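# Geometric and topological summary
Here is what each chain is made of, one letter per residue.
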Amino acid sequence: MYAASAPCWWMALRRMRRKLFGRTLPLLSLFAAFSFVVMMFNLPLPGGTTGHAVGVGIAAIVLGPWGASLAISLALAIQALFFGDGGITTLGANCFNMAIAGSFAAWGIYRLVSLGAAAESRRRVIAAALAGYGAINLSALLAAVEFGIQPMLFHDATGAPLYAPYRLGIAIPAMMAGHLTVAGAAEAVMSAGLFSYLRRSDPALLGIAPQSAPRAAASLWGVLAVALLLTPLGILAGGAAWGEWAPRDFADAAARARIAAASGNVAAPAAVPSGLARLASLWTAPMPSYAPQFIRSTAFGYLLSAMFGVGAILGAAWLVQRVLPRREP
Amino acid sequence: MSTGVITRTARGFTSVLAQALISEHSAHQRGVLQALDPRVKVVGLLSLVLATALSRHIAVVAVLLALAVALALVSRLSLWSMAKRVWLVAFLFTFTIAVPALFLTPGEPLLQLPGVPAITAQGTRSAAMLLLRVESAVTLSTLLVLTTPWMHLLKALRALMVPVEAIMMLAMTHRYAVLLTETANAMFESRQSRMVGRLEGREQRRLMINSGGVLLSKTLEMGNQVFLAMQARGFRGEIRLLDEFHMRGRDYFALGALLAAAALAVAAGR
């Protein structure tokens, strides 16, 4: 199994070598150390039992399949070499099953299930749980097959198995029973839990932060579009807005009555206020009364005016953003 | 059950930290294996592990186990502590796996107990072989770890053509595995000291996952700090390991003896 793992490690190191000049080297080692510690967590599972997770699910999501292969291999190597758990002779097989096959399975499942899901989507959490569950069970299945074929390959003259003593028919159910229930559940719970935690605390690490910013902007654009489409509703409101009177309103009896009603029954002055008379001609809007002359439909004119207005505000905002220097925190 | 999970997890951390201390302590004792060049131990003892794995005769595996015990004795390792920490754990784990093989392996019946299938000769031989092989390999690899300081052991892996990047990452992983174990231990102990009453299963699960999340945040933060520290010390992607090993006469002799023993075991065990 060392022979099977070695080319994968070599490939992973080659792929990561370019990145090892940067933050990747400490990140991989630290993640491996984290995985080593997480393996010691007694995770209570529904039903009253406890299980241990490996951390392969979250490692594959954060580091990608090659990085996770290396990180989990490092964690298993530290366990086997330094703390004597797992043994040196079985390290190659453990790494192939859990670190290499497990990482690729977890990464594939997560990508597949979360395909097209929004950053905040619940589907991503489910994808993380399934990634952990699938990875651990694939690892267990591979281990069971490796155990199960040994009696066929290695036995002495009397038929006594030299290594693992059980055939596939026993090895597979014996391994899978524990992994489909306890170990798989522990990995699923830990992957989903840590995914949710990271999504809150450091979404960039999960590679979903860049999508969330345009998404927020996209929803803002959606609100703006709906607001624009609803602008003709303003026509339905009776009368003019308070204070937005034209000089001619002061001469019209009906308009005077509306001004008085809107102003707490205080009658409008008999003549046009001198300030208003002087300033009324100062600024002639390019679209007087919000409706260009060439448009018959008031509602459409209203909508068009609103779009021009919004466009002008956005343009001004963009200009201010470009002109003013950005202050770094 | 109220604090059971937290207590058990914290105990696990303490035991790992204790084991790390014991290894460092025994690696600095004045014994036969401790005095050898780490590269000799890596190549020699791993050859014996390989011979154990390749041997098809139970007697050869038993001799290799006896050789490993003898090496432990001349290296001033406590057999009692070895029995408790290594042999008993390996025995219990392997025995659980091996017991059904006594009954399930097809072959000539050796002993018929009431109500169960007969224990077969092939099953007994297979179970004994599995037990002895595991005990022997575990003892030999434990000898390597207990008689060599960890950093020397890693540098010696270069003798097995392990890439320098892998060695550096293993060294960092080990260092931060111990540090993070200490951090996690402190987190769980502080939580334990503040707990009164029972925690339901769901709350225990939430506590564990939140602790994992906090530890992951600390890990990533530490990863950034480590990278900045590496940069501050001039890291530009080139990895250099200080190699202070020098082979002496006794190292050559020990290497020859260990390789000869492994070769003999492989030849006799075929």
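Not measured: the values here are computed from a predicted model.

Across its full length, chain A holds 11 helices and 2 strands. Reading the secondary structure of chain A in the N-to-C direction produces α-α-β-β-α-α-α-α-α-α-α-α-α. Taken across its 329 residues, chain A has 36% of its residues classed as buried.

The next subject is the overall build of chain B. Per the secondary structure count, chain B includes 9 helices and 2 strands. Starting at the N terminus and ending at the C terminus, chain B contains elements arranged as α-α-α-α-β-β-α-α-α-α-α. Every one of the 270 residues in chain B was classed for burial, and the buried ones make up 37%. The long-range fraction of contacts in chain B, counting pairs at least 24 apart against all pairs at least 6 apart in sequence, stands at 79%.

This part takes up the interface of chain B and chain A. Each partner contributes to the interface: chain B provides 59 residues, whereas chain A provides 55 residues. Those elements that place two or more of their residues in the side of chain B that touches chain A are α1 (4-27), α2 (38-54), α4 (79-104), α5 (121-146), α7 (164-194) and α8 (201-232) of chain B. The residue inventory of the side of chain B that touches chain A, partitioned by class, reads 34 nonpolar, 20 polar and 5 charged.

Moving on, we get to the environment of R199 of chain A. All names here are of chain A. Looking at the element boundaries, R199 is found in helix α6 (residues 168-201). The class of R199 is partly exposed, set by 19 C-beta atoms lying within 10 Å. A C-alpha to C-alpha distance of 9.9 Å links R199 and R124, two positions 75 residues apart in sequence.

Glancing now at the nonpolar core. A general tendency of soluble globular proteins is for nonpolar side chains to be buried together. All names here are of chain A. Membership of the largest hydrophobic core comes to 141 residues, with the highest contact counts inside it found for A59, A60, A71, I72 and A131. Examining the composition of this core, we find that 19 residues originate from one element, helix α3 (residues 56-81), more than from any other. If near-sequence neighbours (up to four positions away) are discounted, A60 is found in contact with P65, A68, S103, A106, W107, Y110 and A131.

Here we come to the environment of A62 of chain B. As for its position among the elements, A62 of chain B is in helix α3 (residues 58-74). Taking C-alpha positions, A62 of chain B is 8.1 Å from R133 of chain B, a pair spaced 71 residues apart along the chain.

Moving on, we come to unusual backbone geometry. Residues and elements named next belong to chain B. Positive phi, normally seen in glycine, also occurs at R76, with a value near 60°. Its location among the elements puts R76 in the loop between α3 and α4. Taking the C-beta count within 10 Å as the criterion, R76 has 14 such neighbours and is therefore assigned partly exposed.

Before going further, it helps to examine the packing of α6 of chain A against α8 of chain B. One way to put it is that α6 of chain A packs onto α8 of chain B with a least axis distance of 9 Å and a crossing angle of 50°. Accordingly, the angle class assigned to the pair α6 of chain A and α8 of chain B is oblique. The way α6 of chain A lies across α8 of chain B gives a crossing that is right-handed. Across the interface between the two elements, V189, M190, G193, L194, Y197, L198 and S201 of chain A of α6 of chain A pack against R205, I209, G212, G213, L216 and S217 of chain B of α8 of chain B. In the contact of α6 of chain A with α8 of chain B, the residues fall into 7 nonpolar, 5 polar and 1 charged.

Below, the discussion takes up the environment of R122 of chain A. Tracing the chain through its elements places R122 of chain A in helix α5 (residues 122-153). Taking C-alpha positions, R122 of chain A is 9.3 Å from S196 of chain A, a pair spaced 74 residues apart along the chain.

Okay, the packing of α2 of chain B against helix α9 (residues 249-268) of chain B next. All names here are of chain B. Where α2 contacts α9, the axes come no closer than 8 Å and their chain directions differ by 10°. As the angle between them shows, α2 and α9 are arranged roughly parallel. The residues of α9 that touch α2, namely those facing V40, V43, G44, L45, S47, L48, L50, A51 and L54, are D251, A254, L255, L258, L259, A261, A262, A265 and V266. A class-by-class count of the residues in the contact of α2 with α9 yields 15 nonpolar, 2 polar and 1 charged.

All names here are of chain B. Residues of chain B with pLDDT of at least 70 account for 96%, and the chain-wide mean is 83. Across chain B, the element-wise mean pLDDT spans from 73 in strand β1 (residues 109-111) up to 91 in α3. The ipTM for the predicted assembly is 0.79, set against a pTM of 0.68.

The rules behind the values
- Residues numbered from 1 in each chain as written.
- Chains lettered and ligands numbered in written order.
- Predicted model: local features only at pLDDT ≥ 70, side-chain atom pairs only at ≥ 80, totals over all residues.
- Helix = DSSP H or I, 4+ residues; strand = E, 2+ residues; numbered from the N terminus.
- Buried ≥ 20, exposed ≤ 12 C-beta atoms within 10 Å, placed from the backbone.
- Contact = placed C-beta atoms within 7 Å.
- Nonpolar A, V, L, I, M, F, W, Y, C, P; charged D, E, K, R; others polar.
- Core = buried A, V, L, I, M, F, W, Y, C linked by C-beta atoms within 7 Å.
- Axes fitted to C-alpha atoms, helices over the stretch in contact; angles between N-to-C directions.
- Parallel < 35°, antiparallel > 145°, perpendicular 65-115°, else oblique.
- Left-handed = near helix turned anticlockwise from the far one by under 90°.
- pLDDT = per-residue confidence, 0-100.

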